[in-house]
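Summary of the model geometry
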Amino acid sequence: MLIAKTLGQFIIEKQADFPYAKGELSRLLRDIGIAAKIVNREVNKAGLMDILGEAGSTNIQGESQKKLDIFANEQFISALQSGGECCIVVSEENDEYIYIDSEISKNAKYIVAIDPLDGSSNIDVNVSVGTIFSIYRRKSTNGKATLDDVLQKGVDQVAAGYVIYGSSTMLVYTTGKGVNGFTLDPSIGEFCLSHPNMTIPEDGFIYSINEGYYTHFPDGVKKYIKYCQVEDTTTRRPYTSRYTGSMVADLHRNMIKGGIFIYPITASAPNGKLRLVYECNPMAFIIEQAGGLASNGYERILELDVTELHQRSAIFIGSANMVKRAEEMMKSFSPQITKKSFEGVVNIQ
Ligand SMILES: O=P(O)(O)OC[C@H]1O[C@](O)(COP(=O)(O)O)[C@@H](O)[C@@H]1O
Ligand SMILES: [Mg+2]
Ligand SMILES: [Mg+2]
């Protein structure tokens, strides 16, 4: 039986795609893989460990942090610190960015933005959760890397990926040359290539949105939901509604089966809920590399200006034709929500 290629083997092999590569990015991806395995070990036996429930602290977004949020955050930060290829870490769980001031990292040129544990509300109920990461090369050439090096547009990412801790654990990533998925084989403790060259179908029949907030949605979103629910067998409608409450799990499913995930602005989240730097940008890079689209309803996510570490954005992401249709609805029924609206002045019609 042929042994599947491991993540480490694949990364080294793909290094040849980058003529000037010296292996730093490869080592960085290796470090993220190591931390993912440690988090996976805890997630798998969470019920037996004192790792479920609240940590008793809140993050800058005012969200109560789960013990596993903190644990995962510590694992990824320490793996990046000891790996030596990362000079700054931005994390959902840390108010400010972390400058890695160590001898081993003094020449490091990569910045990692991370959502250490995505889908925190699902930790205690054994529903799939994930990790999301985004990697940039610093722009400044000397001295300490700064906030300017961090606040780069999504288009400038050099790599992005996610880990899904589900019925199996997978790591999916892109370096801008397609998307590949690796499944963790616990018997050898290795991520092995299981989903080469992942692509998302142009059309899908699944829509993912928290309809509990329906009354607070812009008209364009309400119209799109109605469009999905219409009885029309020629277009295989009504579509199926699937929403787990974990962005990683919803996007992973939609990437494989086709579908659209929407987290729009709402009355309680006037700028959207999901964070541009470590949720929207990395997932948009992956989905675009798989042939899909990602926007805030009007503009390409990857082109959005990044002005704050924990900036939020609305997101419409998934199968290309579904996102286009949703954008048409937003432009027709919610034209008032111009770029300015995303700066907090919202008038939801
Ligand atoms: O409960 P809501 O408002 O539908 O939000 C669910 C969304 O929030 C998130 O849990 C936010 O991510 P975190 O768990 O990393 O904070 C997403 O994974 C998910 O898509
Ligand atoms: Mg998240
Ligand atoms: Mg999180």
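Residues numbered from 1 in each chain as written. Chains lettered and ligands numbered in written order. Predicted model: local features only at pLDDT ≥ 70, side-chain atom pairs only at ≥ 80, totals over all residues. Heavy atoms only, no water.

Operational definition: UniProt positions are given in the numbering used here, feature names are shortened, and annotations may be inferred rather than shown by experiment.
Per an unreviewed UniProt entry, the protein chain carries the name Fructose-1,6-bisphosphatase class 1 and comes from Mucilaginibacter paludis DSM 18603. Quoted straight from UniProt, the Subcellular location (unreviewed entry) entry for the protein chain says "Cytoplasm". Per UniProt, the protein chain carries the Pathway (unreviewed entry) text "Carbohydrate biosynthesis; Calvin cycle."

1. Examining the sheet that holds strand S6 (residues 129-137)
Our working definition: The pairing criterion is simple: DSSP has to find at least two bridges between the two strands. Secondary structure elements are defined from DSSP: runs of H or I of at least 4 residues count as helices, runs of E of at least 2 residues count as strands, and each element is numbered from the N terminus.
Ordered by their spatial adjacency, 8 strands build an open sheet running S4-S3-S5-S6-S7-S8-S9-S10, and the pairing between neighbours is mixed. Sheet topology places strand S4 (98-99) and strand S10 (190-195) at the edges, where each strand pairs with a single neighbour. For strand S8 (residues 169-174) and strand S9 (residues 179-185), the ladder comprises 5 bridges, and the chain directions are antiparallel. Pairing of valine 172 across the sheet is with glycine 181, part of S9.

2. Thoughts on the coordination of the magnesium ion (ligand 3)
Between any two of four tetrahedral donors, the ideal angle at the metal is 109.5 degrees; between two of six octahedral donors, it is 90 or 180 degrees. The following threshold applies: Only nitrogen, oxygen and sulfur atoms within 2.8 Å of the metal, or 3.2 Å for Na, K and Ca, are treated as donors, and water is left out, so sites may look incomplete. Three exposure classes are used, based on accessible area relative to the maximum for each residue type with a 1.4 Å probe and protein chains only: buried under 20%, partly exposed in between, and exposed over 50%.
Distances from the magnesium ion (ligand 3) to its protein donors, Glu92 (OE), Asp115 (OD) and Leu117 (O), fall at 2.0 to 2.2 Å. Counting gaps between the donor residues of the magnesium ion (ligand 3) yields the pattern E-x22-D-x1-L. Taken as a pair, the magnesium ion (ligand 3) and the magnesium ion (ligand 2) show a spacing of 3.7 Å, with aspartate 115 coordinating each metal. Since its relative accessible area comes to 1%, leucine 117 is described here as buried.

3. Describing the side chain of glutamine 157
Our working rule: Residue contacts follow a heavy-atom distance rule, with two residues in contact if any of their heavy atoms lie within 4.5 Å.
Considering the arrangement of structural elements, one finds glutamine 157 in the loop between helix H4 (147-150) and strand S7 (159-165). A residue is classified by how much of its surface remains accessible, and glutamine 157, at 5% relative accessible area, is buried. Those residues in contact with glutamine 157 that sit more than four places away from it in its chain are Ser134, Ile135, Tyr136, Asn281, Pro282, Phe285 and Leu302.

4. Here we look at the packing of helix H1 (residues 7-15) against helix H2 (residues 24-44)
What counts, and what does not: With axes taken as lines fitted to C-alpha atoms, and helix axes fitted only over the stretch in contact, angles between N-to-C directions fall between 0 and 180 degrees. Each angle gets one of four labels, with under 35 degrees taken as roughly parallel, over 145 as roughly antiparallel, 65 to 115 as roughly perpendicular, and the rest as oblique. Should the near helix be turned counterclockwise from the far one by less than a right angle, the crossing is left-handed, whereas a clockwise turn marks it as right-handed. Residue polarity follows a fixed list, in which Ala, Val, Leu, Ile, Met, Phe, Trp, Tyr, Cys and Pro are nonpolar, Asp, Glu, Lys and Arg are charged, and the others, Gly among them, are polar.
Packing of H1 against H2 brings their axes to within 10 Å, and their N-to-C directions diverge by 165°. Between H1 and H2, the angle falls in the class roughly antiparallel. When you trace H1 past H2, the crossing you get is right-handed. Across the interface between the two elements, Ile11, Ile12 and Gln15 from H1 touch Ser26, Leu29 and Arg30 from H2. Residues belonging to the contact of H1 with H2 are distributed by class as follows: 3 nonpolar, 2 polar and 1 charged.

5. What to know about the nonpolar core
Put simply, the rule reads: For this analysis, a nonpolar core means a set of buried residues of the types Ala, Val, Leu, Ile, Met, Phe, Trp, Tyr and Cys, connected via side-chain atoms within 4.5 Å. Annotation comment: domain bounds sourced from an automatic or database domain assignment.
If you look at the biggest cluster of nonpolar residues, it comprises 45 residues, and the most contacted ones within it are Met255 and Ile315. No other element matches the 9 residues that helix H7 (residues 276-289) contributes to this core. Counting contributing residues, this core receives three or more from each of domain 1 (7-195) and domain 2 (206-342). In contact with methionine 255, other than residues within four places in its own chain, are Tyr162, Val172, Val179, Met198, Thr199, Ile200, Pro201, Ile286, Ile287 and Ala290. Counting 41 residues, the second-largest nonpolar core is a separate cluster that includes Leu28, Phe76, Tyr110 and Leu184.

6. Thoughts on the state of the cysteines
As a reminder of what qualifies: In this description, a disulfide is simply a cysteine sulfur pair whose atoms lie within 2.5 Å.
Within the structure shown, the criterion is met by 0 disulfides. Cysteine cysteine 86 is unpaired, with the sulfur of cysteine 87 as its nearest cysteine sulfur at 6.0 Å. Of the residues examined, cysteine 86 reaches a relative accessible area of 0% and is grouped as buried.

7. Considerations on the pattern of salt bridges
Rules: A pair is scored as a salt bridge if a Lys or Arg side-chain nitrogen falls within 4 Å of a carboxyl oxygen belonging to Asp or Glu.
Scanning the model with the defined rule gives 17 salt bridges in all. Note that lysine 153 and glutamate 303 form a salt bridge whose closest N and O atoms lie 3.7 Å from each other. A residue pair is termed long-range when its members are at least 10 positions apart, and lysine 153 in the loop between H4 and S7 and glutamate 303 in the loop between strand S14 (293-295) and strand S15 (315-318) qualify at 150 residues. Lysine 153 gets classed as partly exposed once you look at its relative accessible area, which sits at 27%. For the salt bridge of arginine 253 with aspartate 250, the shortest nitrogen-to-oxygen distance reads 3.1 Å. Here the residue arginine 253 and the residue aspartate 250 both occupy positions in helix H6 (residues 247-257), the gap between them amounting to 3 residues, near one helical turn. We note that arginine 253, like aspartate 250, is buried. Taken together, the shared-partner salt bridges connect Lys153, Glu288, Arg300, Glu303 and Asp305 into one network.

8. Observations concerning helix H5 (residues 219-229)
Selection criterion: Taking the helix axis as origin, the arc is that swept by the directions to the C-beta atoms.
Taken together, the buried positions of H5 are occupied by Gly220, Val221, Tyr224, Ile225, Tyr227 and Cys228. Along the axis of H5, the buried residues cluster in a sector spanning 155°; they form a single face.

9. As for the packing of aromatic side chains
This is how it is decided: Note on aromatic pairs: the rings of Phe, Tyr and Trp (six-membered ring only in Trp) are paired at centre separations within 6.5 Å, and the planes decide the class, stacked below 30 degrees, edge-to-face beyond 60, tilted for the rest. Sitting over a ring, as applied to charges here, requires NZ of Lys or CZ of Arg to be within 6 Å of the ring centre and within 35 degrees of the ring normal.
Applying the stated criterion across every chain yields a total of 9 aromatic pairs. With 6.0 Å between their ring centres and 25° between their planes, tyrosine 173 and phenylalanine 182 make a pair best called stacked. For the pair shown, tyrosine 173 and phenylalanine 182 are each scored as buried. Three or more aromatic residues link up through ring pairs in this structure, and these residues are Phe205, Tyr224, Tyr227 and Tyr239. Above the plane of the ring of phenylalanine 205 lies arginine 236, whose end atom (NZ or CZ) is 3.7 Å from the centre. Directly above the aromatic system of tyrosine 227 lies the positively charged group of arginine 237, at a separation of 4.0 Å from the ring centroid.

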